[in-house]
Amino acid sequence: MLTLLLLLAQASAPQTPPLAAATAPAAQTSRWPARDAQVTFRNFRFKSGETLPELRITYTTLGQPHRNARGEIDNAVMVLHGTGGTGRQFLSPQFADELYGPGQPLDIARYWIILPDGIGHGKSSKPSDGLHMRFPQYDYDDMVEAQYRLLRDALGIQRMRLIMGTSMGCMHSLIWGETHPDYVRALMPLACEPVEIAGLNRMWRELAVEGIEADPAWAGGDYRAPPTQGLRTAASLLFVAGAAPLYFQSQYPHRQAAEAFARERVAASIAATDANDLIYQINASRTYAPWPRLEAITVPTTWINSADDFINPRNLDYPRQAVARMKDARFRLIPETAETRGHGTHTAARFWKQDLVELLQRTE
């Protein structure tokens, strides 16, 4: 789920901390010619029945829209981030440099790339804007609805060429396939399962939330100073969940270096994370449950998980069962090596770039 944890599993050099993808320096200084924009939806109604007078959705784009003979945009690609992430994380070298250049799968001379910040993330509307725990209790369905309105109403797109997503964005991709199957020509979900968040996956998430709420400094969400001890609990759990065992063993084979790296990452996460935003981000998954309606996903789909992913363990049999129920779906499990990045393999495009090429070719 947690796209933001990719940053734990890159090179051993100092990196953007987990839980801080919205402020990632690599994204801000990217060499790619990205443009930021924003749309506001008035009186946005959430599935909970709550309404926000103004819902702000911020997004980043690369490339230009192309119109076919009917005047319709036919080259739009949306990439969806994971929990705690932001659209701009897809400007990082391990993703962008593999995909956006001349002749590459998502060459920005050919495709119009749209990278939104989901509700509760990045520069889109979120609890830390001022409402704190009084912010509407959004879920994944609300997030997908806001994405749909961004594409259809704000950007005028009648049909998407491709929607792909990592972690939480992977789950959003499956929701897209069930709720708007005729709106997308191809789907590429990366690093998720097609069942409700339960078992160990829900347990560690709940422990992260409870760790924050148990800190007296949290004060029901109206804290004057960050609940540091609660954030330490959450950041530590997130660190472990996103880790890549073989890779970290090869990079940190000695105790002192391993301990120093972990402390540095957790400390940086604490400094860069808003506690209320994180609670909402984790809890947004509470209603996710695509399993009963998988037959509704008729869009050609290529779905990728990685064998060293703690969050989506390789021994779960859900993907095999799921693709058998979907009209045109293929699944691949990336083998674990000392080079793969655990859950973060989803944003290291070199591991699955050829799968994307093949998906685009079979949906031309």
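Here the structure is a predicted model, which is why all the values come from computation and not from measurement. (Residues numbered from 1 in each chain as written. Predicted model: local features only at pLDDT ≥ 70, side-chain atom pairs only at ≥ 80, totals over all residues. Heavy atoms only, no water.)

A. The sheet that holds strand E2 (residues 51-62), seen in detail. Pairing in this open sheet of eight strands is mixed, and the strands run E1-E2-E4-E3-E5-E6-E7-E8 from one edge to the other. In this open sheet, the two strands that pair with only one neighbour each are strand E1 (35-45) and strand E8 (329-334). Averaged over all pairs of adjacent strands, the angle between strand axes in this sheet comes to 20°, irrespective of strand direction. Judged from the four bridges that link them, strand E5 (residues 162-166) and strand E6 (residues 187-190) form a sheet pairing that is parallel. Opposite Met 164, over in E6, you have Met 188 as the bridge partner. This element, helix H3 (residues 140-154), spans E1, E2, strand E3 (76-80) and strand E4 (112-116) of the sheet and lies at about 115° to E1. (Pairing = 2+ DSSP bridges. Helix = DSSP H or I, 4+ residues; strand = E, 2+ residues; numbered from the N terminus. Axes fitted to C-alpha atoms, helices over the stretch in contact; angles between N-to-C directions. Contact = heavy atoms within 4.5 Å.)

B. Molecular detail of a nonpolar patch on the surface. Together, Leu 200, Met 203 and Phe 310 make up a nonpolar patch on the protein surface, roughly 300 Å² of accessible area in all. Turning to its location among the elements, Phe 310 is positioned in the loop between strand E7 (301-306) and helix H10 (318-325). (Patch = residues over 30% accessible without salt bridge, like charges linked within 9 Å, V, L, I, M, F, W, Y side chains within 5 Å. Areas by Shrake-Rupley, 256 points an atom, 1.4 Å probe, with all protein chains shown as cover. Salt bridge = Lys/Arg side-chain N within 4 Å of Asp/Glu carboxyl O.)

C. The nonpolar core, seen in detail. Grouped together as the largest cluster of nonpolar side chains are 48 residues, with contacts concentrated most on Leu 55, Ile 119, Leu 151, Ile 157, Met 160 and Trp 176. Residue assignment for this core shows that the elements contributing at least two residues are E1, E2, E3, E4, H3 and helix H4 (168-179). At seven residues, the largest contribution of residues to this core is made by H3. Not counting the four nearest positions on each side in its chain, Trp 176 is found in contact with Met 78, Leu 80, Val 144, Gln 147, Tyr 148, Leu 151, Ile 163, Pro 181, Tyr 183, Val 184 and Leu 187. Judged by nonpolar contacts, the second largest core, of 29 residues, contains Leu 62, Val 77, Phe 90 and Leu 91. (Core = buried A, V, L, I, M, F, W, Y, C linked by side-chain atoms within 4.5 Å. Buried < 20%, exposed > 50% of the residue type's maximum accessible area, 1.4 Å probe, protein only.)

D. Summary view of the pairing of E8. Looking at chain direction, E7 and E8 are connected through six bridges and run parallel. Across the sheet, residue Asn 305 finds its bridge partner in E8, namely Leu 333. The parallel pair E7 and E8 is bridged by H10, and the resulting crossover is right-handed. (Right-handed = clockwise from strand over helix to strand, strands pointing away.)

E. Fine view of the packing of H3 against H4. Their axes nearest at 10 Å, the elements H3 and H4 cross at an angle of 70°. If you check the angle between H3 and H4, you find them roughly perpendicular. Counted together, Tyr 140, Asp 141, Met 143, Val 144, Gln 147, Tyr 148 and Leu 151 of H3 and Met 168, Met 171, His 172, Ile 175, Trp 176 and Thr 179 of H4 form the full contact between these two elements. (Parallel < 35°, antiparallel > 145°, perpendicular 65-115°, else oblique.)

F. Spotlight on the pattern of salt bridges. Overall, the coordinates contain 24 salt bridges when judged by the stated rule. Among the salt bridges present, the one from Glu 54 reaches Arg 42, with a minimum N-O distance of 2.1 Å. Placement of the pair is Glu 54 in strand E2 and Arg 42 in strand E1, with a sequence separation of 12 residues. In the salt-bridge network here, residues are joined through shared partners; they are Lys 47, Asp 139 and Asp 141.

G. Structural context of the packing of aromatic side chains. For the structure on display, the rule yields 20 aromatic pairs. Here Tyr 148 and Trp 176 contribute two aromatic rings whose centre-to-centre distance is 5.9 Å and whose plane-to-plane angle is 70°, an arrangement assigned as edge-to-face. Here the residue Tyr 148 occupies a position in helix H3, and Trp 176 occupies one in helix H4, the gap between them amounting to 28 residues. For Tyr 148, a relative accessible area of 14% translates into the label buried. (Phe/Tyr/Trp six-rings, centres within 6.5 Å; stacked < 30°, edge-to-face > 60°.)

H. Geometry of the environment of Arg 31. By the secondary structure assignment, Arg 31 is in the loop between helix H1 (25-28) and E1. The exposure class assigned to Arg 31 is exposed, which follows from its relative accessible area of 61%. Between the C-alpha atoms of Arg 31 and Leu 91, which are 60 residues apart in sequence, the distance is 8.2 Å. Side-chain polar atoms of Arg 31 contact the side chain of Asp 97, separated by 3.5 Å. (Polar contact = N/O pair within 3.5 Å; in protein donor to acceptor, adjacent residues only side chain to side chain.)

I. Region of interest: unusual backbone geometry. Even without glycine at this site, His 132 takes up a positive phi of about 55°. Relative to the helices and strands, His 132 resides in the loop between E4 and H3. With a phi close to 75°, Ala 191 is a non-glycine residue in the positive phi region.

J. Seen up close, the state of the cysteines. Counted according to the given criterion, the structure contains one disulfide. A disulfide bridge connects Cys 170 with Cys 192, and the sulfur atoms are separated by 2.0 Å. Taking the torsion about the S-S bond as the criterion, the Cys 170 to Cys 192 disulfide, at about -60°, is left-handed. Taken together, the positions of Cys 170 in helix H4 and Cys 192 in the loop between E6 and helix H5 (199-213) put the pair 22 residues apart, joining distant regions of the chain. Residues Cys 170 and Cys 192 agree in their burial class; the two are buried. (Disulfide = S-S within 2.5 Å.)

K. Molecular detail of the packing of helix H6 (residues 228-241) against helix H8 (residues 255-272). Where H6 meets H8, the closest approach of the two axes is 9 Å, and the angle between their N-to-C directions is 125°. When the axis of H6 is compared with that of H8, the two are oblique. Like other packed secondary-structure pairs, H6 and H8 cross with a definite hand, here right-handed. Side by side, H6 and H8 meet where Thr 228, Leu 231, Arg 232, Ala 235, Ser 236 and Phe 239 of the first sit next to Phe 261, Ala 262, Arg 265, Val 266, Ser 269 and Ile 270 of the second. Tallied by class, the residues present in the contact of H6 with H8 amount to seven nonpolar, three polar and two charged. (Left-handed = near helix turned anticlockwise from the far one by under 90°. Nonpolar A, V, L, I, M, F, W, Y, C, P; charged D, E, K, R; others polar.)

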